[in-house]
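Coordinate analysis (summary)
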Amino acid sequence: MMNYFPDEVLEHVFDFITCHKDRNSVSLVCKSWHRIERYSRRRVFIGNCYSISPERLIARFPGVKSLTLKGKPHFADFNLVPYDWGGFVYPWIKVLAETGIGLEELRLKRMVVSDESLELISKTFVNFQSLVLVSCDGFSADGLAAIAANCRFLRELDLQENEVDDHRGHWLSCFPESCTSLVSLNFACLKGEVNLGALERLVSRSPNLKSLRLNRSVPLDTLQKLLMRAPQLVDLGIGSYVHDPSSEASNKLKHAIQRCKSIMSLSGFLEVAPRCMSAIYPICGNLTTLNLSYAPGIHGNKLTKLIQHCRKLQRLWILDCIGDKGLGVVASTCKELQELRVFPSDPFGAGNDAVTEEGLVLVSAGCPKLNSLLYFCQQMTNAALITVAKNCPNFIRFRLCILDPVRPDPVTNQPLDEGFGAIVQSCKRLKRLSLSGLLTDQVFLYIGMYAEQLEMLSIAFAADSDKGMLYVLNGCKKLRKLEIRDCPFGNAALLEDVGKYETMRSLWMSSCEVTLGGCKTVAEMMPSLNVEIINESDQTEFNLDDGQKVDKMYLYRTLVGHRKDAPESVWIL
Amino acid sequence: MEKEGLGFEITELRLGLPGGGEIKNEKKRVFSEISEEEENGKGNGKSQVVGWPPVCSYRRKNSFGDKDGSKTSKFYVKVSMDGAPFLRKIDLALHKGYSDLATALEKLFGEVLKDADSCEFVPIYEDKDGDWMLAGDVPWEMFIESCKRLRIMKRSDVKGFGVLQPREAVKGTLKE
């Protein structure tokens, strides 16, 4: 019946389908739907930049306006991938520019972004509106200056946790007087001092500004002036928050903050004098998101008092100095909590204030809506995990990191198999899982049996044999990303079902038992996969013996064969 | 680091492939075994493994305060004092705050800077933009990053500060 509708009608219907997974499904229905869908697709998500080429992207979606690209594998975050591994965005920008694509939005994660790329973007795409860079590197303040100066309709410049080795702040002064379209500006990760007058003027002429995240260099009196000029802010990231609570500056700040009735998200406090937190209390009641994970200065009573004002919190990111008691306060205050992330404040130390299983149990009991967790802790017990599983069956993301990664249950001295088993059995919607603690093959049996919706699994220092990996590969039908380090999985597990890897985005294995010969076999059997061996050792000669264990292997499905930009330390089989 | 003749080779820090016979036919590289073979660089009794705990490198560098020992850089700046024949140099990184700095300057020049009421000097500094600023306004960490040189100026030379009330500013900050 739908075939009798003219294309425009179908296109109009498809306009309501925005999620890329749904659009992918739509395009598989029949030829005409495929055709109509591809011409009307505006947003494209590419989870691995080496799985497809820019030329093929444009051939299929000539109307693309918004592109999301991800580059390096996740473990690059933890220094397990050489800095020059790849993930360069320049080739993409070059091709998009040459084919006249009207790019408006670019979202990049773990990619290398050169100043040249940023300049090319700023000078080519006249309607460019949004640049979001997450965990990227390779650019400096010069590239940002080009974006500021040339993108006349820029709405969003969002820089999250990028490594920018440039301490100049001149880029902010490059926004022309005619730029009044900013909706979101986040430069919290930059170190340079921006011209404060230029910042104030920019905010003054941006009536649509909803999100503003400042860096450390922005002092308190500027913050106060900015808030006076932008009381419509919804999301605020405070840079420096040091003042004397009895001073005039502090009073002015309190007044300015009280005018901001729309702030729902608060972060930063990159530099903080904790006795001044009371000035923030008036807006705490509306907060749905609070990120204090970069504010080690706020702890103890000051932290818990602050949280007690935040009854509507849905998302909370904090440091483990909150302690189990502090988590108890979260549990009794934040009944709407959905996402909790507790980061370590001192990853190497004794962690006196760190959290344990007790804090997690308290939160699970008090916050039944909890569905996303990242929890770094000193220890965990099976009993606690079983309780958490019962209290919170709605977990979509469950990432537990015990600081000593092979620590057993300290009460029973048993592995944590049963605890994690309870989590996967109870949480039927679980999509992402990270394991730690002492774990045997048994936990993987449970995962393979129960984690039917699991898409991403991270494993470290676990299992006893190949069986562990096989349980997962055989059981988890929706698995897309599997990353493993320091586990005794070898060729038998790797080669059991190589066809499976074509149904996944990628597989990472480092410090396991797989050999060069095993990896070569995968590459030979599956031409649709790129199998990369990363060897960063000082050995000038890479040992070509097939029996040699491989230090790091990263394989991923691709439609465009071997990439040409791999450095010397990466060998593509 | 080599400690020849003491048999510490087994604890040598390695990132390469496990060749050389240190680990043979191990089914599982247990964390504790890896820790043993890596040298303890921090001297706190806890060993470190590459990439563990899994905290992204940006967060490692930015949320652990001073504990991770990344502040090894030096911040030497010239210090001049009105009336003194020679300039001195001081490493700002060695000091914890303005109060500490005042004590150090006192030792260098022999003038009392802390007691602001009777003090006839005002500490100012030149920042990255070339402007002369009154010391004490910005947080200490920001100060040492932007300070290029220090000058201890005679109060009688301070003209037109007016509203800023340098006495209060100096008293408030150097005494913190």
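Predicted, not measured: the structure shown is a model, and the values here were computed from it.

1. Considerations on the overall build of chain B
On a plain count of helices and strands, chain B comes out with five helices and five strands. Each helix (α) and strand (β) of chain B, taken in turn from the N terminus, gives the series α-α-β-β-α-β-β-α-β-α. Every one of the 176 residues in chain B was classed for burial, and the buried ones make up 39%. Put simply, of all contacts in chain B between residues at least 6 apart along the chain, 52% involve residues at least 24 apart. Of the accessible surface of chain B, which amounts to about 10,500 Å², a share of 50% is contributed by carbon and sulfur atoms.

2. Observations concerning the packing of helix α13 (residues 323-333) of chain A against helix α14 (residues 357-366) of chain A
All names here are of chain A. Close contact between α13 and α14 brings their axes to 8 Å; oriented N to C, the two are set at 5°. Put simply, α13 runs roughly parallel to α14. Residue-level contacts link Asp324, Leu327, Gly328 and Ala331 of α13 to Glu358, Gly359, Leu360, Leu362, Val363 and Gly366 of α14. Here the residues of the contact of α13 with α14 sort into five nonpolar, three polar and two charged.

3. Side note on empty space enclosed by the protein
All told, the structure shown has two cavities of 30 Å³ or more when counted by the stated rule. Empty space within the largest cavity amounts to approximately 230 Å³. Lining the largest cavity we find 20 residues, and of these Phe78, Ser434 and Ser458 of chain A together with Trp52 and Pro54 of chain B sit closest to its centre. Looking at the lining of the largest cavity, the elements that each hand over two or more residues are β13 (372-377), β14 (397-402), β15 (432-434), β16 (456-460) and β17 (481-485) of chain A. When the residues that make up the lining of the largest cavity are grouped by side-chain class, the tally is twelve nonpolar, four polar and four charged.

4. Things to note about the UniProt feature "domain: F-box" (unreviewed entry) in chain A
Within this structure's numbering, the places UniProt gives as "domain: F-box" (unreviewed entry) are residues 5-46 of chain A. The straight-line gap between the two end C-alpha atoms of residues 5-46 of chain A is 31 Å; of that span, 62% is helix and 10% is strand.

5. So, the pairing of β16 of chain A
Residues and elements named next belong to chain A. With five of its five residues buried, β16 lies for the most part within the structure. Neither face of β16 is open: one carries Met456, Ser458 and Ala460, the other Leu457 and Ile459, and all of them are buried. Crossover connection from β15 via helix α17 (residues 441-450) to parallel β16: handedness right-handed. With respect to chirality, the unit in which β16 leads through helix α18 (residues 466-475) into the neighbouring parallel β17 is right-handed.

6. Section: the environment of proline 368 of chain A
Residues and elements named next belong to chain A. Locating proline 368 in the fold gives a position in the loop between α14 and β13. Along the sequence, proline 368 and leucine 337 sit 31 residues apart, while their C-alpha atoms lie 7.9 Å from each other. Each residue touching proline 368, except ones within four places of it in the same chain, is listed here: Lys335 and Asn394.

7. Overview of the nonpolar core
Counting 188 residues, the largest nonpolar core has Trp171, Tyr241, Phe269, Ile280, Phe398, Ile447 and Tyr501 of chain A as the members making the most contacts within it. Considering every element that reaches this core, the biggest residue donor is helix α7 (residues 141-150) of chain A, with five residues. If sequence neighbours within four positions are ignored, isoleucine 447 of chain A has contacts with Val424, Leu433, Leu435, Leu454, Leu457, Val472 and Cys476 of chain A. The next biggest cluster of nonpolar side chains, apart from the first, holds 21 residues, and it includes Val79, Leu101, Tyr125 and Trp140 of chain B.

8. Digging into the pattern of salt bridges
Residue and element names in this part refer to chain A. Under the defined criterion, the tally for this structure stands at 26 salt bridges over all chains. A salt bridge links lysine 21 to glutamate 455; its shortest N-O distance comes to 3.9 Å. With lysine 21 in helix α2 (residues 20-27) and glutamate 455 in the loop between α17 and β16, the pair connects residues that are 434 residues apart, well separated along the chain. Linked by salt bridges that have partners in common, Lys21, Glu455 and Arg480 make up one network.

9. Some words on helix α20 (residues 516-525) of chain A
Buried within α20 of chain A we find Leu516, Gly517, Gly518, Cys519, Val522 and Ala523 of chain A. Lining the buried residues of α20 of chain A we find α19 (491-495), β19 (529-534), β20 (552-557) and β21 (570-572) of chain A.

10. Concerning the side chain of serine 434 of chain A
Mapping serine 434 of chain A onto the fold places it in strand β15. What serine 434 of chain A contacts, discounting residues up to four positions off in sequence, is Phe398, Arg399, Leu400, Phe420 and Ser458 of chain A.

11. What about the environment of valine 522 of chain A?
All names here are of chain A. Structurally, the position occupied by valine 522 is in helix α20. In this structure valine 522 comes out as buried when scored by relative accessible area, which is 0%. Remark: the alpha-carbon pair of valine 522 and aspartate 497, spanning 25 residues in sequence, is separated by 9.6 Å. Excluding residues that lie within four positions of it along the chain, valine 522 makes contacts with Leu494, Leu495, Val498, Tyr501, Leu529, Val531 and Leu555.

Calculation rules
Residues numbered from 1 in each chain as written. Chains lettered and ligands numbered in written order. Predicted model: local features only at pLDDT ≥ 70, side-chain atom pairs only at ≥ 80, totals over all residues. Heavy atoms only, no water. Helix = DSSP H or I, 4+ residues; strand = E, 2+ residues; numbered from the N terminus. Buried < 20%, exposed > 50% of the residue type's maximum accessible area, 1.4 Å probe, protein only. Contact = heavy atoms within 4.5 Å. Areas by Shrake-Rupley, 256 points an atom, 1.4 Å probe, with all protein chains shown as cover. Axes fitted to C-alpha atoms, helices over the stretch in contact; angles between N-to-C directions. Parallel < 35°, antiparallel > 145°, perpendicular 65-115°, else oblique. Nonpolar A, V, L, I, M, F, W, Y, C, P; charged D, E, K, R; others polar. 1 Å grid on protein atoms, 1.4 Å probe; cavity = no way out; pocket = protein on both sides within 12 Å on 5 of 7 lines; lining within 4 Å. Points joined across faces, edges and corners; volume = space filled by probe spheres on them. UniProt positions renumbered as here; feature names shortened; annotations may be inferred. Right-handed = clockwise from strand over helix to strand, strands pointing away. Core = buried A, V, L, I, M, F, W, Y, C linked by side-chain atoms within 4.5 Å. Salt bridge = Lys/Arg side-chain N within 4 Å of Asp/Glu carboxyl O.

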